[in-house]
Amino acid sequence: MADLPSPEQPAPTAAPNEAAAMDILLPRDEKDVLAVVEAAVANRTPLEIMGFGSKTGLGGPVTAEKCLSLSALSGVTLYEPAELVLRAHAGTPLREIQALLAQNGQELAFEPMDHGDLYGLTKNDRIKGGTIGGTVAVNASGPRRIRAGAARDHLLGFQAVSGRGEIFKSGGRVMKNVTGYDLSKLLAGSHGTLAIMTEVTLKVLPRPENEESVVVSNLTEDQALALLRMATGLPYDISSFSCLPEGSLLGLARGPIAILRIEGPHLSVQKRKEEIITFFRKQAMFAKGQYDLLQEAVSREFWSAVRDALPVTAISGQVWRLSTAPTEAAPLVTAIHAAGVPILRWFYDWAGGLIWLCIEPSTDAHAEPIRAAVDRFGGHATLMRADDCIRAQTPVFHPQATALAALSQRVKLAFDPLSLLNRDKFGKNFEPRISDPKSSDSKPEQQTHNS
Amino acid sequence: MPLPEAAILTKRQEIVARLQQIVPNGVVHTEREMRVYECDALTLYRQLPLVVVLPETVEQVSQILRVAQDMNVKVVPRGSGTSLSGGSLPLADAILLGMSKFNRVLEIDYENRCVRVQPGVTNSAITRAVEDEGFYYAPDPSSQIACSIGGNVAENSGGVHCLKYGLTTNNILGLEVVLMGGEILRLGGKHLDSDLYDLIGVLTGSEGLLGVITEVTVRILQKPATARGILLGFPTVQDGGDCVAEIIARGIIPGGLEMMDKASIDAVEAFQPCGYPRDAGSLVIVELDGTEAEVNVLIDRVADIAVKKGATSLKVSENEAERLRFWSGRKNAFPAVGAIGPDYLCMDGTIPRSQLSYVLTRMDQLAAQYGLRVANVFHAGDGNLHPLILYDSSKPGDSEKAEQFGADILCLCVEVGGVLTGEHGVGVEKRDLMDRMFNEIDLQQQERLKCAFDPAHRLNPGKVFPTLHRCAELGRMHVHNGQLPFPDLPRF
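Asker: It is not clear to me how the domain arrangement of chain A should be interpreted in this structure. Could you clarify?
Answerer: The extent of an interface is frequently quoted as the accessible surface area lost upon association of the parts. All names here are of chain A. Assigned domains of chain A: these are domain 1 (1-207 + 400-451), domain 2 (210-307) and domain 3 (310-393). Contact residues are listed per partner, giving 10 residues for domain 1 and 12 residues for domain 2. A buried area of about 900 Å², summed over both sides, lies between domain 1 and domain 2, and 47% of it is on carbon and sulfur atoms. Looking only at domain 1, the three residues that lose the most surface to domain 2 are Pro143, Arg144 and Arg147, adding up to 59% of its buried area.

Asker: Explain the pattern of salt bridges to me, please; I cannot follow it from the model alone.
Answerer: Any two side chains of opposite charge can pair, so long as their charged atoms come close to each other. Under the criterion given, the structure shown has 59 salt bridges over all chains. Salt-bridge contacts for Glu166(A) lead to Arg164(A); the nearest nitrogen and oxygen are separated by 3.4 Å. With respect to burial, Glu166(A) and Arg164(A) carry one shared label: buried. Where Asp109(B) meets Lys190(B), a salt bridge forms, and the shortest distance between an N and an O atom there is 2.9 Å. One end of the pair, Asp109(B), is in strand β5 (residues 105-109); the other, Lys190(B), is in the loop between β9 (184-188) and α8 (199-203), with 81 residues separating them in the sequence. A relative accessible area of 11% places Asp109(B) in the buried class. Accessibility expressed as a relative area gives 25% for Lys190(B), which makes it partly exposed.

Asker: Looking at this model, I keep getting lost on the interface of chain A and chain B. Mind explaining?
Answerer: Each side of the interface is counted separately: chain A has 106 residues, and chain B has 101 residues. At the boundary of chain A with chain B, total buried surface from both sides reaches about 8,600 Å², with 59% on carbon and sulfur atoms. Counting across the chain A and chain B interface gives 8 salt bridges. In this structure, Lys176(A) engages Glu423(B) in a salt bridge whose closest nitrogen and oxygen atoms are separated by 3.0 Å. Taken together, the links from chain A to chain B amount to 36 residue pairs in polar contact (both at pLDDT 80 or more). Residue composition of the side of chain A that touches chain B, by class: 50 nonpolar, 28 polar and 28 charged.

Asker: Would you mind going over the packing of aromatic side chains with me for this structure?
Answerer: Centre-to-centre distance and the angle between the planes together describe a pair of aromatic rings. Across all of its chains, the model carries 15 aromatic pairs over all chains by this definition. Judged by centre distance (5.1 Å) and plane angle (90°), the ring pair of Phe302(A) and Trp303(A) falls under edge-to-face. Judged by centre distance (6.2 Å) and plane angle (70°), the rings of Phe334(B) and Tyr344(B) are edge-to-face. Remark: Tyr344(B) occurs in strand β16 (residues 343-346) and Phe334(B) occurs in helix α13 (residues 333-340); sequence separation between them is 10 residues. Its relative accessible area of 18% is what places Phe334(B) among the buried residues. What links up through ring pairs into an aromatic cluster is the set Tyr236(A), Phe279(A), Phe280(A) and Phe286(A).

Rules behind the numbers
- Residues numbered from 1 in each chain as written.
- Chains lettered and ligands numbered in written order.
- Predicted model: local features only at pLDDT ≥ 70, side-chain atom pairs only at ≥ 80, totals over all residues.
- Heavy atoms only, no water.
- Domains from an automatic or database assignment.
- Contact = heavy atoms within 4.5 Å.
- Buried area = accessible area lost by both parts, 1.4 Å probe.
- Salt bridge = Lys/Arg side-chain N within 4 Å of Asp/Glu carboxyl O.
- Buried < 20%, exposed > 50% of the residue type's maximum accessible area, 1.4 Å probe, protein only.
- Helix = DSSP H or I, 4+ residues; strand = E, 2+ residues; numbered from the N terminus.
- Polar contact = N/O pair within 3.5 Å; in protein donor to acceptor, adjacent residues only side chain to side chain.
- Nonpolar A, V, L, I, M, F, W, Y, C, P; charged D, E, K, R; others polar.
- Phe/Tyr/Trp six-rings, centres within 6.5 Å; stacked < 30°, edge-to-face > 60°.

This is the structure we're talking about:
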């Protein structure tokens, strides 16, 4: 336990000593969680919600007086391979779930990213790979995003304690369910700001039997991206589409490369990779490309490196993650270059729809020029890695237009009316103003969200 | 339904006049003309609306919702009116907001694999717009030639291919939505995922209670290179269910995986024979799609599994015509059952597949108890069951018996760990059963979300939730007097 990362650096408004001494509460069951939140409601005590703390670097630094870790709320409670469903307590280590699924030839098809490299976690912290609750809370995904979706697409249901101090559930354990609002979509990616999930039910899928990858080099970056976009429209069931510019890590790059992943039964993979190479060789634009193959083991290793954003996380610097339309990928990176942002490394996944940037650190993480460019081309930009003091000042998540931001705040208050859960995670500007009859008592945390 | 509000009814003239100012040629207010809007596909319930308005632009929708909010009038949105749960059932004191004139495909962006459409475009029109280039829109509800994409978003529609390709919610990139009061919001676009809350995700399947959808950006997929079907007969439903479980347990996710019971097989063979095994107790259709190499590998594996699981008949489609013939019986199942009717009620529960045998046995007992017949078609891959209850509406009491039987079936689904509705929605049909699946706190939390979008409960009220609470009442917090000590938990 002593190996767990220290609690989040305090936001400037909180007294540093207080935060450093903050206890981490370890509820043993849902009733414990409820008791903590009930007390927090009664005392107006803001709570930081976490699993093992592997992703506390994501989002604004939380302003809290107590920290609640779900890591003791662990264990798989239901797993039926033939029904493709698994239910687990929110604090169950991701690795434990992945190992159980692997025993049955199954997996979480959304390939949740491991944040260990990004946040420089120690080996000990990385063994568990975070919790399943945290994985869902950040709506994690991986290179198969286009084909297989993100965590949101695999969360069938959950049980949670709201910021009101009430246990509630939504969804179920079956694939097809439209009974009531789909709150699972809302909780996935809510970063613990709406409710504390205590149990999640997920759709699981068979793990592909084999995989190989086709690497195309001797192309320009634009050509490599065009190849990926064309590949997303081919009937060869390609599952991942990445582009590494010249000079990227991973020991593959001889100039920019496009790389395609083919998964399935052995015979099918063999046939499809030939068909893919034949197809692209016939295209005038890609005829000069050099086509190579990555065999099973190398291919798996490569895609897990892409999943964890290794080409940008392995060097030091601030890290941005941009989601945009695939056709806008290269123009967007060009525009960010042109705006004078010192990009150290970048690469593309999702056929260009996902861009990872590592930039030279600066006090504002160059948020304005990056977001101005993203606004021009469409999409959003998330500041994935920067020091706490920078993330306390610069919005980590893409700022929303006024009406939309107001709606998001009303949604937040519908679940957490006193804004007790992960306060400031979405930035100080996001925190809704709270009309609380008891707010006249001069508790310090009441001032932060009025400032 | 909630009693019509007299205050609204007395303002009808003024409401009609205000709407005519906004949409001069799009207000329908005579009884004769409004008659076509009196129900959706759940024809058991009928109600004339207060007035019908058919806007053509998002600005008009915005103005209509602003006027409705100002005058405190209810609004019921409607797409093509194919809801099977009464999601667009009119209210006597509500404006029916028909989106049928929003019928244009706005942009086809092949390179980004998406299409931007107005909400009144039908589901199959999207596929038609892109199929020449080898693409299609994946969710395929059986009403796809008529149902609108806006309605699909509102209901999170499914279809027979959703185990592999997902529901509507897995295939939407962007929405434009107008809130009660007239605010126009654009969510998402051509990129994946949302920063902050996934409002597209929660609007999808919200049954028209949160906002009015005025534009949708959907993802399109390339058509699989090939698709082949296998038609399997089994002695019992249990055997068919075991085979389905084994296919999935062995790592195969078919494009389609359907099952029919003996009553359905008999009905379709009597309606339009398509070569289904008459002696089988259950029929399973497996469709495998993808590249030819992959499909050929998987066909052999599925055939092998089926034989080991005791299939009494097995046919693999050798050409496209044969594959379509395998499907024709399944696709005719509803009209075929209708033909032996005279009436039928189509239910829509989902169950854990392992409970299939138990559920069907219980259903037979219930059928005997009610003296009604039932036929079952089943999206076997995802556990979505469609019992078709046969009744005769001309017989006094038969409709009520059928409804009660249906409610019992849905409660049975919940009892075994399933849900009230897999793809048809709650609407008015299952509204009063919501408390079988959710407790009071669960429901109130959902209603609080509604308050974030529509605090006056003016949008599609009376649907989904059995009782309506005022938002102020829902906002109250139960707080212990004084401060609670923090519980004594393990810490580090």
